[in-house]
Amino acid sequence: MARFPRRARLIAGLTLATTAALALSACAGGTAPGASGAPTSGNAATATSVSDFGSFADLEAAAKAEGALNVIALPRDWANYGEILDAFAKKYPEITIEEQSPDVSSAEEIQAAKTNKGLDTAPDVFDLGLTVALQNTDQFAPYKVQTWDDIPAELKEPEGKFTGDYGGYMSIGYDSSKYPAPTSLDDLKKADYKGAVALNGDPTQAGAAFASVGLATVQSGGTLDDYQKGIDFFSELQKAGNLLKVDVTTATVASGETPVVFDWDYLNAAHVKDNKNWKVVVFDGTGYAAYYNQAVNVNAPHPAAARLWQEFLYSDEVQNLWLKGGARPARMEAMTKAGTIDKAGASALPAAPADTVVPSEAQSKKAGTLLGEKWAAAVQ
């Protein structure tokens, strides 16, 4: 399959759990021990939990001594990452964050780690789609955050090599001042939506567009084993004159050039700031969902800072910041039960469908082959 850019790459996800389914400076070689015996950099690189540092305070001390954290592929306008990065920087001013290549793909994250192995410029942590994560487990250092038990088993690799963090449903965003609220795929084929319905990219290359075809497939009575029904839907949309062949960006939504959009619900939700009339719909029936995953680089130049970043991401504070960004945090179910979830943020999410499907790696590859063979002819 084609390599997907960060803004639209494929997120071949995990089976989702109930309501939780929708959750550069010097090398670290000289890290000093903390007050209670925080590990040296060598020990930090093998730490699998806070207990290996002695305490959370010792982990913080070790990370501050390293003084740097290299992140990669984190666009600031993606799922509220800008606020999350700024919150970490404010909490730990002793640690300089190097934000590398925000728009690269999951595969490019891994390649950057391999290319820069042994250098202080290598990424310390990853944010990855499941397909790439499954193919590169030898690149990850096992680590279980303190809130590990709150994360559904379906969203985490048992040893802690990678863990689901935030996700969402494929949705429809639309300018409510110009278009009625769609309640089904068939609505989008009506004259009301003439020349108005856009995809976030080409489904043979872009993950969000690929997922749009997946959604159309299951909403049309098909299964993830065969995306033909989804291709047929978009062919019909094209014949009706409703398919708008303009790639979606923040600018096209703000200008009104793409007034009805297939995209992840948390990305669609972010467009409200660009258009006050923008609304988001997740169709009833079968929903199409996916999660991203966090992982620590096994060769992280700042191993303590990498682990502190993981702890930060799975804290109540940051789980709620992802929720503020319209994404569904991995710990959502546990936080709801504990009363620590941002109730306003949770209530603002589009209602989740009763049934949810997520493609396996094998299904994704099969669908990619089918799209490569039939997509262009179907929408010409």
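Here, every reference points to the structure presented above.
As the structure is a computational prediction, the values presented were derived from the model and not from experiment.

What about the overall build of the protein chain?
Broken down by element type, the protein chain carries 14 helices and 12 strands. Looking at the protein chain residue by residue over its 380 residues, the buried ones come to 57%. Just so you have it, the protein chain exposes about 14,500 Å², and 50% of that area is on carbon and sulfur atoms.

So, helix H11 (residues 316-324)
Buried within H11 are the following residues: Val 318, Gln 319, Asn 320, Leu 321, Trp 322 and Leu 323. Gly 326 occupies a position one or two residues after H11 and carries a positive phi of about 90 degrees.

Quick look at the pattern of salt bridges
It is possible for side chains bearing opposite charge to pair when their charged atoms get close. Under the defined criterion, the tally for this structure stands at 12 salt bridges. Put simply, Asp 186 and Lys 189 hold a salt bridge, and the shortest N to O gap is 3.3 Å. Residue Lys 190 is joined to Asp 187 by a salt bridge in which the shortest nitrogen-to-oxygen separation is 3.0 Å. For Lys 190, a relative accessible area of 44% gives the class partly exposed. Note on Asp 187: relative accessible area 11%, which makes it buried. Look at the salt bridges and you will find they share partners, linking Arg 76, Asp 86 and Glu 99 into a network.

As for the nonpolar core
Counting 85 residues, the largest nonpolar core has Phe 234, Phe 262 and Trp 309 as its most contacted members. Among the elements that make up this core, the one with the highest residue count is helix H6 (residues 207-219) (eight residues). If we skip the residues at most four places from it in the chain, Phe 234 touches Leu 199, Ser 212, Val 213, Ala 216, Leu 243, Phe 262, Trp 375 and Val 379. Grouped together as the second largest cluster of nonpolar side chains are 10 residues, Leu 128, Val 132, Phe 162 and Ala 295 included.

Overview of the packing of helix H3 (residues 81-91) against H11
To characterise two packed helices, one gives the angle between the axes of the helices and the distance between these axes. At their nearest, the axes of H3 and H11 sit 9 Å apart, and the two run at 155 degrees to each other. For the element pair H3 / H11, the angle class is roughly antiparallel. Considering the relative orientation of H3 and H11, their crossing is right-handed. Contacts between H3 and H11 involve Tyr 81, Glu 83, Ile 84, Ala 87 and Lys 91 from the former and Glu 317, Val 318, Leu 321, Trp 322 and Lys 324 from the latter. For the contact of H3 with H11, the residue count by class is six nonpolar, no polar and four charged.

Here's the deal with the side chain of Asn 70
Looking at the element boundaries, Asn 70 is found in strand E1 (residues 68-72). Of note is the side chain of Asn 70, whose polar atom sits 2.7 Å from the backbone oxygen of Asp 120. At 2.8 Å, the side chain of Asn 70 and the backbone oxygen of Ala 122 are in polar contact.

Things to note about the packing of aromatic side chains
For the structure on display, the rule yields 20 aromatic pairs. With centroids separated by 6.5 Å and ring planes inclined at 65 degrees, the aromatic side chains of Phe 233 and Phe 262 adopt a geometry described as edge-to-face. Placement of the pair is Phe 233 in helix H7 (residues 228-239) and Phe 262 in strand E8 (residues 260-264), with a sequence separation of 29 residues. Here the aromatic cluster, defined as three or more aromatic residues joined through ring pairs, consists of Trp 78, Tyr 81, Tyr 166, Tyr 266, Tyr 292 and Trp 322.

What about the environment of Ala 295?
Following the sequence through the fold, Ala 295 ends up in strand E10 (residues 286-297). Separated by 152 residues in the primary sequence, Ala 295 and Tyr 143 have C-alpha atoms spaced 8.2 Å apart. Ala 295 has contacts with Val 125, Phe 126, Leu 128, Phe 140, Lys 161, Phe 162 and Gln 310, leaving out every residue within four places of it along the chain.

Quick word on the environment of Ala 354
Positionally, Ala 354 belongs in the loop between helix H13 (343-348) and strand E12 (355-357). The exposure class of Ala 354 is exposed, given its relative accessible area of 78%.

Criteria and cut-off values
- Residues numbered from 1 in each chain as written.
- Predicted model: local features only at pLDDT ≥ 70, side-chain atom pairs only at ≥ 80, totals over all residues.
- Heavy atoms only, no water.
- Helix = DSSP H or I, 4+ residues; strand = E, 2+ residues; numbered from the N terminus.
- Buried < 20%, exposed > 50% of the residue type's maximum accessible area, 1.4 Å probe, protein only.
- Areas by Shrake-Rupley, 256 points an atom, 1.4 Å probe, with all protein chains shown as cover.
- Salt bridge = Lys/Arg side-chain N within 4 Å of Asp/Glu carboxyl O.
- Core = buried A, V, L, I, M, F, W, Y, C linked by side-chain atoms within 4.5 Å.
- Contact = heavy atoms within 4.5 Å.
- Axes fitted to C-alpha atoms, helices over the stretch in contact; angles between N-to-C directions.
- Parallel < 35°, antiparallel > 145°, perpendicular 65-115°, else oblique.
- Left-handed = near helix turned anticlockwise from the far one by under 90°.
- Nonpolar A, V, L, I, M, F, W, Y, C, P; charged D, E, K, R; others polar.
- Polar contact = N/O pair within 3.5 Å; in protein donor to acceptor, adjacent residues only side chain to side chain.
- Phe/Tyr/Trp six-rings, centres within 6.5 Å; stacked < 30°, edge-to-face > 60°.

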